[in-house]
Amino acid sequence: TGNGYSAEWPVEAEKRGLPNLKDAVSAAEAFSSPANKALFERMGVYSAEEVDSRQEVMLENYVSCLEVEGATLVEMVRTGVEPAMFQELKAYQDALDATSPLFTTRKEVFGRVSAATSKLEAALVKCGACANTAALAKHCRDQVKVAIGEVRVAADAAEGLVSKANWPFPNYSDCCFSHHFSPKGL
């Protein structure tokens, strides 16, 4: 049968001739296909113009969510994570030889966070150059969303190397398990 999540489902969907739309942009494009427009008109649900309008709103919402998420992530990294990484790196640099693996590992991982964030910033700037909403949505899917994922991976690695005292945000344990502990913390 398939639940839409198993590895077998895409194969089964293809056998059945069903689309396997993997993202919101593809789904919005399929929504306004000529066959769907004809179906909606025939059934008296939407006119072709209304279908196009709804697709535009879907794409605008997608873009808006990714732009806000991306800009928020950049702000969090630039104003919170990078200063924390700097403090951590300075502490290790002051205490260790610059060739120590404890120092060089942090320097390399922290550099990945900054580089990934710069890539995300560049992708966000390029949003302004897109010709229309459909092109912007595809750019957000193909560039911004990917860059957000890269920042998250790099920041997760950095979080594991920054002391709790320096890390500016609650960690996973703080979010999920803090109610199990006294108000004074762990």
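Rules behind the numbers
- Residues numbered from 1 in each chain as written.
- Predicted model: local features only at pLDDT ≥ 70, side-chain atom pairs only at ≥ 80, totals over all residues.
- Heavy atoms only, no water.
- Salt bridge = Lys/Arg side-chain N within 4 Å of Asp/Glu carboxyl O.
- Helix = DSSP H or I, 4+ residues; strand = E, 2+ residues; numbered from the N terminus.
- Buried < 20%, exposed > 50% of the residue type's maximum accessible area, 1.4 Å probe, protein only.
- Contact = heavy atoms within 4.5 Å.
- Polar contact = N/O pair within 3.5 Å; in protein donor to acceptor, adjacent residues only side chain to side chain.
- Axes fitted to C-alpha atoms, helices over the stretch in contact; angles between N-to-C directions.
- Parallel < 35°, antiparallel > 145°, perpendicular 65-115°, else oblique.
- Left-handed = near helix turned anticlockwise from the far one by under 90°.
- Expected span 1.5 Å × (residues − 1).
- Phe/Tyr/Trp six-rings, centres within 6.5 Å; stacked < 30°, edge-to-face > 60°.
- Lys NZ or Arg CZ within 6 Å of the ring centre and 35° of its normal.

## Some words on the pattern of salt bridges
Think of it this way: side chains of opposite charge can pair up when their charged atoms draw near. Per the stated rule, a full pass over the model turns up 12 salt bridges. The salt bridge partner of glutamate 82 is arginine 78, with a shortest N-O separation of 2.5 Å. Within this pair, glutamate 82 and its partner arginine 78 are both found in helix H4 (residues 48-95), separated by 4 residues, close to a single helical turn. With a relative accessible area of 25%, arginine 78 lands in the partly exposed category. Two residues, arginine 78 and glutamate 121, come together in a salt bridge whose shortest N-O distance is 2.6 Å.

## As for helix H2 (residues 24-31)
Those residues of H2 lying buried are Val25, Ser26, Ala28 and Phe31. Buried residues along H2 sit against helix H3 (34-42), H4 and helix H6 (133-159). A side-chain oxygen of the first residue of H2 lies 3.0 Å from the backbone nitrogen of valine 25; this N-cap is aspartate 23.

## A few points about the packing of helix H5 (residues 101-125) against H6
With their axes 8 Å apart at the nearest point, H5 and H6 run at an angle of 160° to one another. By the angle between their axes, H5 is roughly antiparallel relative to H6. Where H5 crosses over H6, the two elements pack in a sense that is left-handed. Each of Val109, Phe110, Arg112, Val113, Ala116, Thr117, Lys119, Leu120, Ala123 and Leu124 in H5 lies in contact with H6, whose residues at this interface are His139, Gln143, Val144, Ala147, Ile148, Glu150, Val151, Ala154, Ala155, Ala157 and Ala158.

## Description of H5
The terminal C-alpha atoms of H5, which comprises 25 residues, lie 36 Å apart, in line with the 36 Å expected from a rise of 1.5 Å per residue. Among all positions in H5, only Phe103, Arg106, Val109, Phe110, Val113, Ala116, Thr117, Leu120, Ala123 and Leu124 are buried. Taken together, the buried residues of H5 touch H4 and H6.

## Remarks on the environment of alanine 135
Assignment of secondary structure puts alanine 135 in helix H6. As for alanine 135 and serine 178, which are separated by 43 residues in sequence, their C-alpha atoms are 43 Å apart.

## Regarding the packing of aromatic side chains
This structure, assessed with the given rule, holds 3 aromatic pairs. Note on phenylalanine 31 and phenylalanine 40: the rings are 5.3 Å apart at their centroids and 50° apart in plane angle, and the pair reads as tilted. Take phenylalanine 31 and phenylalanine 40: they sit in the same class, and that class is buried. With a centroid separation of 6.5 Å and an interplanar angle of 65°, the aromatic rings of phenylalanine 31 and tyrosine 46 are classed as edge-to-face. With phenylalanine 31 in helix H2 and tyrosine 46 in the loop between H3 and H4, this residue pair connects regions lying 15 residues apart in the sequence. Classification of phenylalanine 31 as buried rests on a relative accessible area of 17%. Residue tyrosine 46 is classed as partly exposed on the basis of its relative accessible area of 21%. Counting every residue linked through ring pairs, the aromatic cluster contains Phe31, Phe40 and Tyr46. The ring centre of tyrosine 92 lies 4.0 Å from the NZ or CZ of arginine 106, which sits over that ring.

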